[in-house]
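# Chains, contacts and geometry: an overview
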Amino acid sequence: MKQFACKSLEKVINRYLALDEVTGERLKALDQKVLAFQIKRPKLTLYFLFQADFIGVSDAYEGEVDARIHATLFQLLKMKQGKTSTSSDFFVTGDVEVAQVLNTILSQHDIDWEEHMSHFLGDALAHKFGRVVASQK
């Protein structure tokens, strides 16, 4: 069951990151790096294996990891927004630069929703949708 969940998460992450054309290029900075997320609540460790254009996700890894992020699930979600936690429950061990590069990539991830929605709604409606979304920021 864990392996199925990891593969599903892997697909979601890679599809989400592919929505921004620039993110794939930025991921090359993490090529061949392994980052472990040690989640405290719920207790779980996930390993992210970075390749030039793909992120693998596993619940087991035998080799050396480059960095470990120790955090709660909530703190990891805040990381997507480019926010870092000052809580003592959040800390990084190993090569801190790996975690910093990932944080930068996630905070700069920018999806052109108008472009993606135009495939479903047409250009005119997608443009209106884009204006509504922009006004909400």
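So, here is what we can say about the structure in this document. (Residues numbered from 1 in each chain as written. Predicted model: local features only at pLDDT ≥ 70, side-chain atom pairs only at ≥ 80, totals over all residues. Heavy atoms only, no water.)

For the protein chain, the helix and strand inventory stands at 6 helices and 5 strands. In sequence order, the secondary structure elements of the protein chain are arranged as α-α-β-β-β-β-α-β-α-α-α. Burial status across the protein chain gives 31% buried among its 137 residues. Considering only residue pairs separated by 6 or more positions, the protein chain has 56% of its internal contacts joining residues 24 or more positions apart. With the model as given, the accessible surface of the protein chain reaches about 9,100 Å², and the carbon-plus-sulfur share is 55%. (Helix = DSSP H or I, 4+ residues; strand = E, 2+ residues; numbered from the N terminus. Buried < 20%, exposed > 50% of the residue type's maximum accessible area, 1.4 Å probe, protein only. Contact = heavy atoms within 4.5 Å. Areas by Shrake-Rupley, 256 points an atom, 1.4 Å probe, with all protein chains shown as cover.)

Across all of its chains, the model carries 3 salt bridges by this definition. Between Lys7 and Glu10 there is a salt bridge, with its nearest N and O atoms 3.6 Å apart. Of this pair, Lys7 and Glu10 both sit in helix α1 (residues 2-18), 3 residues apart, roughly one helical turn. Note that Lys28 is salt-bridged to Glu25, the shortest N-O span being 3.4 Å. (Salt bridge = Lys/Arg side-chain N within 4 Å of Asp/Glu carboxyl O.)

All right, on to the nonpolar core then. Counting 23 residues, the largest nonpolar core has Leu35, Phe37, Phe48, Phe50, Ile55, Ile69 and Leu102 as the members making the most contacts within it. Listed by contribution, the elements that provide at least two residues to this core are α1, β1 (34-39), β2 (44-51), β3 (54-58), β4 (67-71) and α4 (96-108). Ranked by residues supplied to this core, first place goes to α4 with 5 residues. The contact partners of Leu35, leaving out residues within four places of it in the chain, are Leu46, Tyr47, Phe48, Phe50, Ala67, Arg68, Ile69, Val98 and Leu102. (Core = buried A, V, L, I, M, F, W, Y, C linked by side-chain atoms within 4.5 Å.)

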